[in-house]
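# Commentary on secondary and tertiary structure
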Amino acid sequence: MCNPEEAALLRLEEVFSATLARVNSLVLQPLLPAAPEPSDPWGRECLRLLQQLHKSSQQLWEVTEESLHSLQERLRYPDSTGLESLLLLRGADRVLQAHIEYIESYTSCMVVQAFQKAAKRRSEYWRGQRKALRQLLSGVSSEGSVGASLGQALHQPLAHHVQQYVLLLLSLGDTIGEHHPTRELVVNTVTLFGNLQSFMKQELDQAVATQALWHTLRGRLRDVLCTPAHRLLQDSQDVPVTVAPLRAERVLLFDDALVLLQGHNVHTFDLKLVWVDPGQDGCTFHLLTPEEEFSFCAKDSQGQAVWQWKVTWAVHQALRGKKDFPVLGAGLEPSQPPACRCAEYTFQAEGRLCQATYEGEWCRGRPHGKGTLKWPDGRNHVGNFCQGLEHGFGIRLLPQASEDKFDCYKCHWREGSMCGYGICEYSTDEVYKGYFQEGLRHGFGVLESGPQAPQPFRYTGHWERGQRSGYGIEEDGDRGERYIGMWQAGQRHGPGVMVTQAGVCYQGTFQADKTVGPGILLSEDDSLYEGTFTRDLTLMGKGKVTFPNGFTLEGSFGSGAGRGLHTQGVLDTAALPPDPSSTCKRQLGVGAFPVESRWQGVYSPFRDFVYAGCPRDLQEALLGFDVQSSRELRRSQDYLCCERTHPEDSVGSMEDILEELLQHREPKALQLYLRKALSNSLHPLGKLLRTLMLTFQATYAGVGANKHLQELAQEEVKQHAQELWAAYRGLLRVALERKGQALEEDEDTETRDLQVHGLVLPLMLPSFYSELFTLYLLLHEQEDSFYSQGIANLSLFPDTQLLEFLDVQKHLWPLKDLTLTSNQRYSLVRDKCFLSATECLQKIMTTVDPREKLEVLERTYGEIEGTVSRVLGREYKLPMDDLLPLLIYVVSRARIQHLGAEIHLIRDMMDPNHTGGLYDFLLTALESCYEHIQKEDMRLHRLPGHWHARELW
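Residues numbered from 1 in each chain as written. Predicted model: local features only at pLDDT ≥ 70, side-chain atom pairs only at ≥ 80, totals over all residues. Heavy atoms only, no water.

### Brief notes about the packing of aromatic side chains
For the coordinates displayed, the defined rule picks out 35 aromatic pairs. Measuring from centroid to centroid gives 5.3 Å for tyrosine 483 and tryptophan 487, while their planes differ by 90°, and the two rings are edge-to-face. Note on accessibility: tyrosine 483 and tryptophan 487 belong to one class, buried. Cluster of aromatic residues (ring-pair linked, three or more members): Tyr432, Phe436, Tyr459, Trp463, Tyr483, Trp487, Tyr506, Phe510, Tyr529, Phe533 and Phe557. Here lysine 117 stacks its cationic end above the ring of tryptophan 42, 4.6 Å away from the centre of that ring. Note that arginine 441 overlies the ring of tyrosine 432, its terminal NZ or CZ placed 5.0 Å from the centroid. (Phe/Tyr/Trp six-rings, centres within 6.5 Å; stacked < 30°, edge-to-face > 60°. Buried < 20%, exposed > 50% of the residue type's maximum accessible area, 1.4 Å probe, protein only. Lys NZ or Arg CZ within 6 Å of the ring centre and 35° of its normal.)

### Details of the environment of glycine 151
By secondary structure assignment, the location of glycine 151 is in helix H8 (residues 146–174). Judged by its relative accessible area of 5%, glycine 151 falls in the buried class. Put simply, glycine 151 and methionine 110 are 41 residues apart on the chain and 7.3 Å apart in space, counted from C-alpha to C-alpha. In contact with glycine 151, other than residues within four places in its own chain, are Tyr106 and Phe115. (Helix = DSSP H or I, 4+ residues; strand = E, 2+ residues; numbered from the N terminus. Contact = heavy atoms within 4.5 Å.)

### Considerations on the nonpolar core
Formed by 80 residues in total, the largest nonpolar core has its most connected members in Leu674, Leu685, Val717, Leu731, Met764 and Leu772. Shared between two domains, this core holds at least three residues of each, these being domain 3 (595–643 + 651–745) and domain 4 (776–939). Those residues in contact with leucine 685 that lie beyond four places of it in its chain are Phe606, Leu674, Ala677, Leu678, Leu724, Ala727, Tyr728 and Leu731. (Core = buried A, V, L, I, M, F, W, Y, C linked by side-chain atoms within 4.5 Å. Domains from an automatic or database assignment.)

### Topic: the sheet that holds strand S6 (residues 275–278)
Taken in spatial order, the four strands make up an open sheet running S2-S8-S7-S6, and their pairing is antiparallel. Here the strands that pair on one side only, and so sit at the sheet edges, are strand S2 (241–244) and S6. The mean angle between the axes of side-by-side strands here comes to 25°, regardless of whether they run parallel or antiparallel. As defined by bridge partners, strand S7 (residues 284–288) adjoins strand S8 (residues 293–298) across five bridges and the pair is classed as antiparallel. (Pairing = 2+ DSSP bridges. Axes fitted to C-alpha atoms, helices over the stretch in contact; angles between N-to-C directions.)

### What about the domain arrangement of the protein?
Splitting the protein by domain gives domain 1 (4–215), domain 2 (231–324), domain 3 (595–643 + 651–745) and domain 4 (776–939). The centre of domain 2, based on its C-alpha atoms, is set 94 Å off from the matching centre of domain 4.

### Regarding unusual backbone geometry
A cis geometry characterises the amide bond from alanine 244 onward to proline 245, with omega recorded as 5°. Structurally, the position occupied by proline 245 is in the loop between S2 and strand S3 (250–254). In this structure, proline 326 follows phenylalanine 325 across a cis peptide bond, with omega equal to 10°. Turning to its location among the elements, proline 326 is positioned in the loop between helix H11 (301–320) and strand S9 (340–346). For arginine 364, which is not glycine, the phi torsion reads 50° and is therefore positive. Within the element layout of this structure, arginine 364 appears in the loop between strand S10 (357–363) and strand S11 (366–374). At glutamate 415, a position not held by glycine, the phi torsion is positive, near 50°. When you line up the elements, glutamate 415 lands in the loop between strand S14 (406–414) and strand S15 (417–425). Glutamate 415 sits in the exposed class, given a relative accessible area of 60%.

Set out below in structure tokens:
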């Protein structure tokens, strides 16, 4: 059974629906002008607002019709249709929203006096409609303006309707028991429409105050400030307040902006970017904006409280993006707006940000967090900010004069300048990867020309304040030469080594990019010149040439146009041949560039990171990062959204790295941990190793693959191993400190060498092995060629003849290992004796680890001894006189290529703790075999009949 209140609601909806239809036909439709549209901007704006009001009115009518239909259904079928089916109850929020949108559209028209302007445009028509308007409304004065009458016609029915809603819903609620299932719906609807009354009153009051404000402003100020969105919340003419330091004549607080008027100047501040700070006394408070700070001082504490409260809640409302409901400041917590926000702002003050637009996160008036800066000239910066300055990772695009060309900086920034690791791609196609300080290249970095550059180059080394300074490597692709040495102020300065593609090497002193003083020049045929040079390494002045055959030429050298090289001096043909080690194997750069200081620019950022305690925010800045590097992507603004791989994506957080490190301190576990860490380019140790690999390849690959640089390279590898172990120890110290523990005292030299050579060097050597072993090959190429010829000659011997040739005692021959067919003889069998030892020795080429190579040699010795013991039927320890010829036999049958390079690499990289031990003894024996195989009499004649152990030494 239905209540009388429901029938009353039905009648109310019927009346309101009909009223809306009449208002629409009598008022709204005539307000919308027929074509053509107004030509002036304000006329077009008023038309837009009236069209929006017409749309809102139509939506309100449709909702009212739907509510009316639900009431009709309820009254028609009261038994089957419950009270909860009424749209007014089940869809109260939707009905409320339709009313709010209509009110906001109406007040927007009211603020800009759209009704008055539209009435003025058709004044004759509206004078004739006065009678119809008076019939529509109650209390309309015949003397009132037409515009005011139109406004009242569009508002009064709604206000009356909402008032009746509240009264009828209250009565309906009184008729429903407390436990009725729809009582909560009714109470909620009563609350909503009660709040709607308060909202309507506030909106109308604000619109009336705003409309009145325009009449108090001069024409230009009114034109600037009069917008439909503005709603005046407070005026300093009502509650006086003074502003310092601007000394504004009038302060206006709108619901979306704070306006300070000073003469003809209008200073407008978006409330989304206004921060309120309470003052120290009871009459003052402070406002922060992106470019200015103000103090607001009222006459008394009450005035201060009014202004501070209204500004605070207006900021709240602006940040939420919608008006407080039902009134300003209702139901919002906390009382203070958030200090951190997201907004867009264009800077106006002179300075580096003038006319730049920042969009992103803010904190207390400053860009803070992630954001994007865009300048009118096309510059862009996207990244992290701190207190208004670029800080953290950021990408900046700098447009160049040529069309569609940019310099792109992907760097870490500190307090507005590039600082830390970065990758810069220039419009010239040059790329720099390295470190910056105060916006300039500083520390270690690599600068490389584009692939199509007419004069290709690459510099790998140290920088100081934007210039090459310290130790560095430059490769000149056009001239086919590589400079290894010292720099100062962007020029070659100090000791240096020049290597050319033709195999010529120069070592001397440079000053301002030119050679000065004496130097040495080694040609590919091992001729040696000691003297002075021109800039392009032409012999000039006093000098001495030592030829490979020992002849010397000493005198004055020069060259001229069309004359070639000429000299005046003494040619000495009686000199003895030079010591090969003084020419062929002469090493350059050793001592000129102390290995400890050579790559400090690579080690230092890692040390700084460790000494700082491995903070996460410095991980990328100090250790570098992995980032996409597509030049095609760089051509569009989409490049600003590029994603870089964060270290945690692949290797875990720094905390996880340190925790795992603590769990792997035992020798075997530590070896596994270091192997994993060094193979991961995102692990701090892996990053350090890859940077060292880059420097090594830049120095010794390609043009740098020169035999005269072998010692320079091998001492560098050893130093890198020491630095990697020191880096691990640094990480371990940080991990222990985070647990409140301390690292044991510094290691002694012996313990450190044991870890470096036994643990780190074998793990890192594969990363350098290709370039390093190439240098050993080149350095020992002549001896290896003699050795190869000796092996070729010895391979012609069948096994028994070779054993006899090497004076191996016959009772040691393993003839029982030979299986003969019916037509075979012992004298024809080849490559069968000591087969297990031969196959074992061949494995020396399958590993790059010096220790593993020595272990292969030890097992080979064991196989030889085991074979002899089996032949003799008893355990037998080979004396040196028996071991050496047997080892020569095995070496000759193993046919190991480049054995000289292998032996010297093992010797140079061997753990010093093995000196004088078994490994040292076996390696010395192998060296002796290698030397004997090279000998001319070994290749052409029978060896002496007896071997002496002391020959090994």
